[in-house]
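Residue strings, one per chain:
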Amino acid sequence: MDELEQIEIELLLEALYRHYGVDFRNYVMSTIRRRIWHRMRAERLTTISGLQEKALHDRSVFKRLTDDFSINVTELFRDPGFFRTFRSKVVPYLKDYPLIRIWHAGCSTGEEAYSMAILLHEEGLLAKTRIYATDMNEAVLREAKLESFPLERMEAYACNYKLSGGRKSLEDYLTATGGRAEFRPFLGERITFAQHNLAVDESFNEFHVIVCRNVMIYFNAHLQNRVHELFHQSLSPSGFLGLGNRESMTFTSFTDCYKEMEHNEKLYRKVK
């Protein structure tokens, strides 16, 4: 990336922040650069400055660009070992809580929030749990609120469920209709989907569990520390934090604030 391109990207991100209040200035530059060039080709533009002008004066272009910046990768019981370890290491503590509040940050289309609801139902905890699932992307939240997924994913999701330690059949939690698998209503009743931007928004509650998996890999060190501070403020004493398999507490300012519960699955408990 040459100097002029670097300047144009920085000016574009600064303009988006000043005009719309969205902050991508501390995202990993290589990822942002690829997404910008993808949007330029799609809009048939030849310069980043041209994309900046379009995004500032045409909200639909701004929306398409920021949707490109949002990385949405998820599935039901994604990385089954995480949910299996959560069931064995965290659930025994949660059984003593009179009320359980869980935050899924960067929830995308919601499959992992529903995975948590299914797991907690099987452990007899769902009725006293409220799951808050947030993402910055309005489009994926609209899809999450459909409370369903395409039927063609069913086989892979059923395999994940079994590997995660599922005790029944995944089909017990679903109804097939119109080419989609709809979650049983009692699951969705315990989940609240809402928009929240980890780069700029503050804490909105105190939680016993926060799950944010493979979201911060797209953030630079400054923004990662900002998000870790937000999570530390938002976790109750002795609360639990789940990260993705490509993330860790190492080299953050909060390494000493947590006890590692399971190294391979990146589960931590707040100790101070």
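Structure shown above.
Analysis parameters
Residues numbered from 1 in each chain as written. Predicted model: local features only at pLDDT ≥ 70, side-chain atom pairs only at ≥ 80, totals over all residues. Heavy atoms only, no water. Helix = DSSP H or I, 4+ residues; strand = E, 2+ residues; numbered from the N terminus. Rg over C-alpha atoms; globule rule 2.2 N^0.38 Å. Buried < 20%, exposed > 50% of the residue type's maximum accessible area, 1.4 Å probe, protein only. Contact = heavy atoms within 4.5 Å. Areas by Shrake-Rupley, 256 points an atom, 1.4 Å probe, with all protein chains shown as cover. Lys, Arg positive; Asp, Glu negative; His and termini not counted. Charge placed at Lys NZ, Arg CZ, Asp CG, Glu CD. Pairing = 2+ DSSP bridges. Axes fitted to C-alpha atoms, helices over the stretch in contact; angles between N-to-C directions.

Caption draft 1: Representation of the overall build of the protein chain. Looking only at helices and strands, the protein chain features 10 helices and 10 strands. Against the 2.2 N^0.38 benchmark of 19 Å for 272 residues, the protein chain shows a C-alpha radius of gyration of 20 Å, consistent with a compact globule. Overall, the C-alpha framework of the protein chain stretches about 55 × 50 × 30 Å when taken along its three principal axes. In the protein chain, buried positions account for 51% of the 272 residues. In the protein chain, of all internal contacts separated by at least 6 residues, the share reaching a separation of at least 24 is 76%. As presented, the protein chain carries roughly 12800 Å² of accessible surface, and 48% of it is formed by carbon and sulfur atoms. Between the mean site of the 37 positive side-chain charges and the mean site of the 38 negative ones, the protein chain shows a separation of 4 Å.

Caption draft 2: Highlighting the sheet that holds strand S6 (residues 191-195). Strands sit in the order S6-S2-S1-S7-S8-S10-S9 across an open sheet of seven strands; the sheet is mixed. Two strands close off the open sheet at either side, each with one partner strand: S6 and strand S9 (258-262). Neighbour-to-neighbour, the strand axes of this sheet turn through a mean angle of 20°, independent of strand direction. Two elements, strand S1 (residues 100-105) and strand S2 (residues 129-135), share six bridges in a ladder whose sense is parallel. Across the sheet, residue Ala105 finds its bridge partner in S2, namely Thr134.

Caption draft 3: View of unusual backbone geometry. In this model, Glu147 sits at a positive phi of 60°, which is unusual for a non-glycine residue. With respect to the helices and strands, the residue Glu147 is situated in the loop between helix H7 (138-144) and strand S3 (148-150). For Ser238, which is not glycine, the phi dihedral falls at a positive 65°. The residue Ser238 is located in strand S8 (residues 235-243) in this model. Ser238 sits in the partly exposed class, given a relative accessible area of 31%.

Caption draft 4: The environment of Val215, seen in detail. Mapped onto the elements, Val215 comes out in the loop between strand S7 (207-212) and helix H10 (221-234). Look at Val215 and you get buried, because its relative accessible area is 16%. Beyond its immediate stretch of four places on either side in the chain, Val215 contacts Ala105, Gly106, Leu198 and Glu247.

Caption draft 5: Examining the sheet that holds strand S4 (residues 174-177) more closely. The three strands lie next to each other as S3-S5-S4, forming an open sheet whose pairing is antiparallel. Since the sheet does not close on itself, it has two edges, and those belong to S3 and S4, each with one partner. Taking the axes of each pair of neighbouring strands and ignoring which way they run, one obtains an average angle of 25° across the sheet. Pairing between S4 and strand S5 (residues 180-183): four bridges, direction antiparallel. Bridge assignment links Ala176 to a residue of S5, and that residue is Ala181.

This is a description of form; function is not addressed.
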